[in-house]
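Analysis of the macromolecular model
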Amino acid sequence: MARNMHQAFAGATLVGETQHRRERFSLLLLNLEEYYFEQHTANHIQHKGSQNERKIRGSLKICSKSVIFEPDAISQPIIKIPLRDCIKIGKHGENGANRHFAKAISGGISLIFSQVYFIKEHNIVAPYKIERGTMEYVFELDVSGKVEDVVETLLQLHRASCLDKLGDQTAMITAILQSRLARTSFDKNRFQSVSEKLHMECKAEMVTPLVTNPGHACITDTTLYFQPLNGYPKPMVQITLHDIRRIYKRRHGLMPLGLEVFCTEDDLCSDVYLKFYERQDRDDLYFYIATYLEHHVAERTAEGYTLQWQRGLLSNYQYLLHLNTLADRSCNDLSQYPVFPWVVSDYSSSELDLSNPGTFRDLSKPVGALNKQRLERLLVRGLRFLMSEQPGSLGCLKLVSSRLRASIPGETEVSGRTLAPSALCPLPSFPCEFSCSPSAFLLTIQETRYQEMPEPKFMYGSHYSSPGYVLFYLVRIAPEYMLCLQNGRFDNADRMFNSIAETWKNCLDGATDFKELIPEFYGDDVSFLVNSLKLDLGKRQGGQMVDDVELPPWAQSPEDFLQKSRDALESDYVSEHLHEWIDLVFGYKQKGRDAVGAHNVFHPLTYEGGVDLNSTEDPDEKVAMLTQILEFGQTPKQLFVTPHPRRITPKFKRLFQPSSYNASTADSPGEESFEDLTEESRTLAWSNITRLQLHEQHKIHKEAVTGIAVSRSGSSVFTTSQDSTLKMFSKESKMLQRSISFSNMALSSCLLLPGDATVVSSSWDNNVYFYSIAFGRRQDTLMGHDDAVSKICWHDNRLYSASWDSTVKVWSGVPAEMPGSRRHQFDLLAELEHDVSVDTISLSAASTLLASGTKEGTVTIWDLTAATGLHQIPCHSGTVCDTAFSPDSRHVLSAGEDGCLNVIDVQTGMLISSMTSDEPQRCFLWDGNSVLSGSQSGELLVWDLLGGKIRERIQGHTGKLSAADLPPPNLLFPPADVPFSSRKLPVCALCRGRSPPDPGWPGHLHRLG
């Protein structure tokens, strides 16, 4: 389980943690976008010069917009004086306030102001107390020699705070900050070792929720350092590079300036989040760390996590955490806090029935579109705007309204009758062809309304995730954050997070409430639901005090609520539909036309690339936009641009567990009897794939071998070669039995027809040849292409042929069984056209789908029942050498000359995993999880797709590997009376290429066991 909010917000001082601490100050006492510069030990002099004069010992904090005094005694309140409310600032002279700029005889600083805040009296977190009226406070520094410098600093900051324009204020404060940073540098005496070598040093800010802290970042050959300018909360933050597990470039305020570092694999919260002033500094620091990690930590991508999630290695919760992290969501940035979905819609029943689909929220819609009536109001409001632009179309409004009520999300009846083509919308922008398609009609309405909206265009006036929403949920464990965000006040008691059911209802019905949830709802820490700090959060209109969150009837306790929420998140229903919500938040429905159609459009300032702050010249406008970006919330970085694949349902999970089979358990008694011999024998074989050893080798061809086929009995091996021959090799006699030549052109592939009576070979002479094993002669020739035939497949009396003439052809027919009989006429059933030559094809298990790979690196998935292309994926930078479907036909694996192994989701066409080797992979076998591939150098590589790594390298050949095959499944599992240690996994691998004569030279057949 990821670390929770307490750890994420470690910079805050919560009540329970501070009862025994002297320091109560935190950066949360500052305003948003305010900096803490320096502190001085001082006394607050009360009633100066009178008999009641009193000194209160403490620390004076100089900040960019305020002066804060923290008394040592926790019974005394912290004092915060906004600089904008100061009337006069100066040294305290002998005659009091009238001598502000006279030479002082003591180390006193006088502030005359009109407003002051009192905070955390008796160390109790509560709304700030405000006192107004003209007052003078005097602070006496321990080091009187610093008074003049402090007064000068305060006067300078006071001038900045009193500027009329907010942009001018920000610019002046930024200049002061940069000047301070320029006058200081990283203290190299802080290095852990004198032998450390400095790589780079730059200015940066450490980001924590709601606040940032400026200082200097530094990286050496062993350690990453950050030294705060003010030495708060500690003089140095340091992370050993060896401990780093993950690093991510981040957007901060929609600008590419952030860098987040994690020392754990799966935690939600990072160890440090840095924001840089220059993008180049961020990129250079990232480069240094990434270079160090290159040989230590595997890079993580969304696609790799997707495959693990699909195959059941990651829970829904874990997968969403990973997606949030990859999409720039961070616990340190409340404007980009991790977002999780509402999944349950039933908060009134006494029992939570997770087997009932009605229990769950519709994950295909954003929160704003869950309530049909509210959605109708939003759409009709937009249509009224259109009507005002086109008065002649007033009669359309009733029809549209009725269609909206009846058609969302796409029914075709209104008041019991089907809409006819005559019931047309008279708006000229709505063509009549949409009249019979309500869903298309609604999409046109939405798009038209969207296009006609004035800039900026958006549908919802608030976001589904923002700092206010995050702290709405977490106020009970992070009250100081709420006070910081809301200028020292809690929200109105009736608007607080009082009840789960009330919150859900408001998200459904509220005119401006579209918020989703946060990870804590699916964690194991109940703190955010319980007022364990005994905070005074106010009294509701009914008279009851705001205390613990009211739970739904089906939850017996906060712990029970979180457990059942987790169960709901991991339920079958959510697993089957979670991809739809991912499409909205992280995927292709986040932007563009698909977002408009899904009613999923938010303010442009929430999107990456929605605004370029650097090109905004008006400083006031720039500050206003930055404030809106940080406070309104931000849409996650888009991770997917195609529909997200579904999760594999539980009934498939047993078949496709990770291939990390424990060899020691296989030796134990009782492991040799299986209900499904074929399935379990394959599992056993693949679990021991890393133990392959060279068993035997045979020289049978003069040129590169291009294809291989093994008979079902395993006794015969058929091979084709560029030397234009088809050869038959006996495994039992270890002798070459036949050698057949059909033409003087190379043969490119071969296969055995069912029954092992006929071998089919493809040739560069544009033909496909059928050879009868029993009669030892060619029995058929198919002249079907205009260029070389590169690959053939066969299923259910249908031949599939790929060619360099840029086509894949599907043929129907049975070859002649007797020599001399009438040649069978093969009928062309379909022709699948490509733009360039096709080098490889493969069929799904049911032969309803075909995957083709081209010379230019494109993989195309075809629906053979309709002879149409489903997806075209340009996923390689060179020729696609081999493709194959997974056993369940949910994925396609492709290998290319670029050295990549790519996994493609069949349903969506999304590239969900990509791994790269240092040389081309020419051929492979796979079980859906593990891959055995043949490389350019002749090595056999065993890949763990789910783990994203190479598990084993097996020396097989010295030339290029071009083909590999496994014997039939029934041969993979020997009789039970054969000791396991003597069992072999026969893999026939062929060598291709040109190299000196040795065991791996061209034409050799290797048998691995």
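About the cut-offs
Residues numbered from 1 in each chain as written. Predicted model: local features only at pLDDT ≥ 70, side-chain atom pairs only at ≥ 80, totals over all residues. Heavy atoms only, no water. Helix = DSSP H or I, 4+ residues; strand = E, 2+ residues; numbered from the N terminus. Buried < 20%, exposed > 50% of the residue type's maximum accessible area, 1.4 Å probe, protein only. Contact = heavy atoms within 4.5 Å. Salt bridge = Lys/Arg side-chain N within 4 Å of Asp/Glu carboxyl O. Polar contact = N/O pair within 3.5 Å; in protein donor to acceptor, adjacent residues only side chain to side chain. Pairing = 2+ DSSP bridges. Axes fitted to C-alpha atoms, helices over the stretch in contact; angles between N-to-C directions. Patch = residues over 30% accessible without salt bridge, like charges linked within 9 Å, V, L, I, M, F, W, Y side chains within 5 Å. Areas by Shrake-Rupley, 256 points an atom, 1.4 Å probe, with all protein chains shown as cover. Lys, Arg positive; Asp, Glu negative; His and termini not counted. Charge placed at Lys NZ, Arg CZ, Asp CG, Glu CD. Core = buried A, V, L, I, M, F, W, Y, C linked by side-chain atoms within 4.5 Å. Expected span 1.5 Å × (residues − 1). pLDDT = per-residue confidence, 0-100. Parallel < 35°, antiparallel > 145°, perpendicular 65-115°, else oblique. Nonpolar A, V, L, I, M, F, W, Y, C, P; charged D, E, K, R; others polar.

**Notes on the overall build of the protein**
Summing up its helical and strand segments, the protein has 20 helices and 44 strands in all. In the protein, which comprises 1009 residues, the share counted as buried stands at 58%. In the protein, 58% of the contacts between residues at least 6 apart in sequence involve partners at least 24 apart.

**Notes on the pattern of salt bridges**
Working definition: two side chains of opposite charge can pair if their charged atoms are close together. Counted by the stated rule, this structure contains 27 salt bridges. A network of salt bridges, in which partner residues are shared, links Lys249, Arg279, Arg282 and Asp283.

**With respect to the side chain of Thr212**
Within the secondary structure, Thr212 sits in strand E9 (residues 211–220). Residue classification places Thr212 among the buried positions, given a relative accessible area of 16%. Polar contacts involving the side chain of Thr212 include one to the side chain of Glu205, which spans 2.7 Å. If we skip the residues at most four places from it in the chain, Thr212 touches Glu34, Tyr35, Glu205, Met206, Val207 and His252.

**Looking at the sheet that holds strand E27 (residues 798–803)**
Read from one edge of the open sheet, 4 strands run E26-E27-E28-E29, paired in antiparallel fashion. Across the chains shown, the open sheet's two edge strands, defined by having one partner strand only, are strand E26 (789–795) and strand E29 (827–833). Along the sheet, successive strands turn relative to each other by an average axial angle of 20 degrees, direction set aside. Both E26 and E27 contribute to a ladder of 6 bridges, which runs antiparallel. Bridge pairing links Cys793 to Tyr800 in E27.

**Topic: a negative patch on the surface**
Taken together, the side chains of Asp786, Asp787, Glu831 and Glu833 make up a negatively charged region of the molecular surface. Assignment of secondary structure puts Asp786 in the loop between strand E25 (777–783) and E26.

**Digging into the sheet that holds strand E32 (residues 858–863)**
Judged by pairing direction, the sheet is antiparallel, and its 4 strands sit side by side in the order E30-E31-E32-E33 without closing on themselves. On the outer flanks of this sheet lie strand E30 (838–843) and strand E33 (868–874), each paired with one strand and no other. Each neighbouring strand pair of the sheet contributes to a mean axis angle of 20 degrees, computed without reference to strand direction.

**Things to note about the nonpolar core**
Counting residues in hydrophobic clusters, the biggest one holds 121 residues, and the most contacted among them are Tyr473, Phe497, Phe521, Trp581, Ile582, Phe586 and Phe640. With 7 residues, helix H15 (residues 572–585) is the single largest residue contributor to this core. Those residues in contact with Tyr473 that sit more than four places away from it in its chain are Trp342, Phe497, Thr503, Lys515, Glu516, Leu517, Ile518, Phe521 and Phe528. Core analysis: the next-biggest nonpolar cluster, separate from the first, contains 34 residues, Ile89, Ile109, Leu111 and Leu154 among them.

**Quick notes on helix H3 (residues 147–161)**
In a regular helix each residue adds 1.5 Å, so 15 residues correspond to 21 Å; H3 covers 21 Å between its end C-alpha atoms and thus fits that length. Among the residues of H3, those classed as buried are Val147, Val150, Val151, Thr153, Leu154, Leu155, Leu157, His158, Ala160 and Ser161.

**Digging into the confidence of the model for the protein**
Per-chain confidence: the protein averages 81 in pLDDT, with 77% of residues scoring 70 or above. Below a pLDDT of 50 lies the segment residues 10–21, which in the model reaches 25 contacts outside its immediate sequence neighbourhood of four places, other chains included. Taken as a whole, residues 651–678 scores under 50 in pLDDT and shows 39 contacts with residues more than four places along the chain or in a different chain.

**A few points about the packing of H3 against helix H4 (residues 166–182)**
Between H3 and H4, the shortest axis-to-axis distance is 8 Å and the interhelical angle comes to 150 degrees. Classed by the angle they form, the pair H3 and H4 counts as roughly antiparallel. Residues Thr153, Gln156, Leu157, Arg159, Ala160 and Ser161 of H3 pack against Gln169, Met172, Ile173, Ile176 and Arg180 of H4. Here the residues of the contact of H3 with H4 sort into 5 nonpolar, 4 polar and 2 charged.

**Quick notes on helix H6 (residues 302–310)**
Burial analysis of H6 places 8 of its 9 residues in the buried class, which makes it a mostly covered element. For H6, the full list of buried residues reads Ala302, Gly304, Tyr305, Thr306, Leu307, Gln308, Trp309 and Gln310. Where H6 is buried, its residues meet helix H7 (316–326), H15, strand E35 (891–896), strand E36 (900–905) and strand E37 (911–916).

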